[in-house]
Amino acid sequence: MMASEDATKRLSSKKQTLDDAYAAPANFLEIDVINPITHGMANKRYTDYEVRMKTNLPVFRVKESSVRRRYSDFEWLRNELERDSKIVVPALPSKAIKRQLPFRNDDGIYEEGFIEERRSGLEAFVNKIAGHPMAQNERCLHMFLQEPNIDRNYVPGKIRSA
């Protein structure tokens, strides 16, 4: 009987204090890729997505942001990280070349199902990258997530957290 009494004693948790209850939450970084919108007509069409971020990580100056990005912007981010960072960059959802061929019976890359599939792939891609501690210091990621327009002539480098 003595052994089980000892076992239950170890399980008793310490009571939560008010300080614990009201302490800052653990670090979080939430990125959603939402609200796809297709712009333009005929062969001048493109789809962009809202990239919405919320975080309390000290490395991010802005704690909440929302920007619109198209597929080519995600490609830009991937290329920048591959060139300048030491991380293994995950793949993007495919270019879907077949869907861009003329004389299709459907809407190709502007079809709702395809856009949703791509949206979900882009969301997974950007969350994998942003979740990587080394990527979080890359200037290109900050620009991608927080600047209304990507400055393609920016100077690559690391963000130093305050």
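- By the naming in an unreviewed UniProt entry, the chain is Sorting nexin-3, taken from Tigriopus californicus.
- Note on the chain: under the UniProt heading Function (unreviewed entry), the record states "Required for retention of late Golgi membrane proteins. Component of the retrieval machinery that functions by direct interaction with the cytosolic tails of certain TGN membrane proteins during the sorting/budding process at the prevacuolar compartment. Binds phosphatidylinositol 3-phosphate (PtdIns(P3))."
- Per UniProt, the chain carries the Sequence similarities (unreviewed entry) text "Belongs to the sorting nexin family."

## Looking at the pattern of salt bridges
In step 1: Counted by the stated rule, this structure contains 10 salt bridges.
In step 2: Between Asp48 and Arg68 there is a salt bridge, with its nearest N and O atoms 2.9 Å apart. Note that Asp48 is positioned in strand 2 (residues 46-55) and Arg68 in strand 3 (residues 64-70), a separation of 20 residues in sequence.
In step 3: A residue is classified by how much of its surface remains accessible, and Arg68, at 30% relative accessible area, is partly exposed.

## Quick look at the packing of aromatic side chains
In step 1: In this structure the tally under the stated criterion is 3 aromatic pairs.
In step 2: With centroids separated by 4.9 Å and ring planes inclined at 70 degrees, the aromatic side chains of Phe74 and Phe144 adopt a geometry described as edge-to-face. On the criterion of sequence distance, the pair formed by Phe74 in helix 3 (residues 71-84) and Phe144 in helix 5 (residues 139-146) is long-range, its members being 70 residues apart.
In step 3: For Phe74, a relative accessible area of 0% puts it in the buried group.
In step 4: Both rings, one in Trp76 and one in Tyr154, keep their centres 5.6 Å apart while their planes meet at 65 degrees; by these two values the pair is edge-to-face. Of this pair, Trp76 sits in helix 3 while Tyr154 sits in the segment after helix 5, placing them 78 residues apart in sequence.

## Regarding helix 5
In step 1: With 7 of 8 residues buried, helix 5 lies mostly within the body of the structure.
In step 2: Along helix 5, the residues classified as buried are Cys140, Leu141, His142, Met143, Phe144, Leu145 and Gln146.
In step 3: Packed against the buried residues of helix 5 are strand 1 (29-39), strand 2, strand 3, helix 3 and helix 4 (112-130).

## With respect to the packing of helix 3 against helix 5
In step 1: Across the interface, helix 3 lies against helix 5 with an axial gap of 9 Å and an inter-helix angle of 165 degrees. In terms of axis orientation, helix 3 runs roughly antiparallel to helix 5. Crossing of helix 3 against helix 5: the hand is left-handed. Two secondary-structure elements touch here, helix 3 through Asp73, Phe74, Trp76, Leu77, Glu80 and Leu81 and helix 5 through Cys140, Leu141, Met143 and Phe144.
In step 2: Each residue belonging to the contact of helix 3 with helix 5 can be placed in one class, and the counts come to 8 nonpolar, no polar and 2 charged.

Criteria and thresholds
- Residues numbered from 1 in each chain as written.
- Predicted model: local features only at pLDDT ≥ 70, side-chain atom pairs only at ≥ 80, totals over all residues.
- Heavy atoms only, no water.
- UniProt positions renumbered as here; feature names shortened; annotations may be inferred.
- Salt bridge = Lys/Arg side-chain N within 4 Å of Asp/Glu carboxyl O.
- Helix = DSSP H or I, 4+ residues; strand = E, 2+ residues; numbered from the N terminus.
- Buried < 20%, exposed > 50% of the residue type's maximum accessible area, 1.4 Å probe, protein only.
- Phe/Tyr/Trp six-rings, centres within 6.5 Å; stacked < 30°, edge-to-face > 60°.
- Contact = heavy atoms within 4.5 Å.
- Axes fitted to C-alpha atoms, helices over the stretch in contact; angles between N-to-C directions.
- Parallel < 35°, antiparallel > 145°, perpendicular 65-115°, else oblique.
- Left-handed = near helix turned anticlockwise from the far one by under 90°.
- Nonpolar A, V, L, I, M, F, W, Y, C, P; charged D, E, K, R; others polar.

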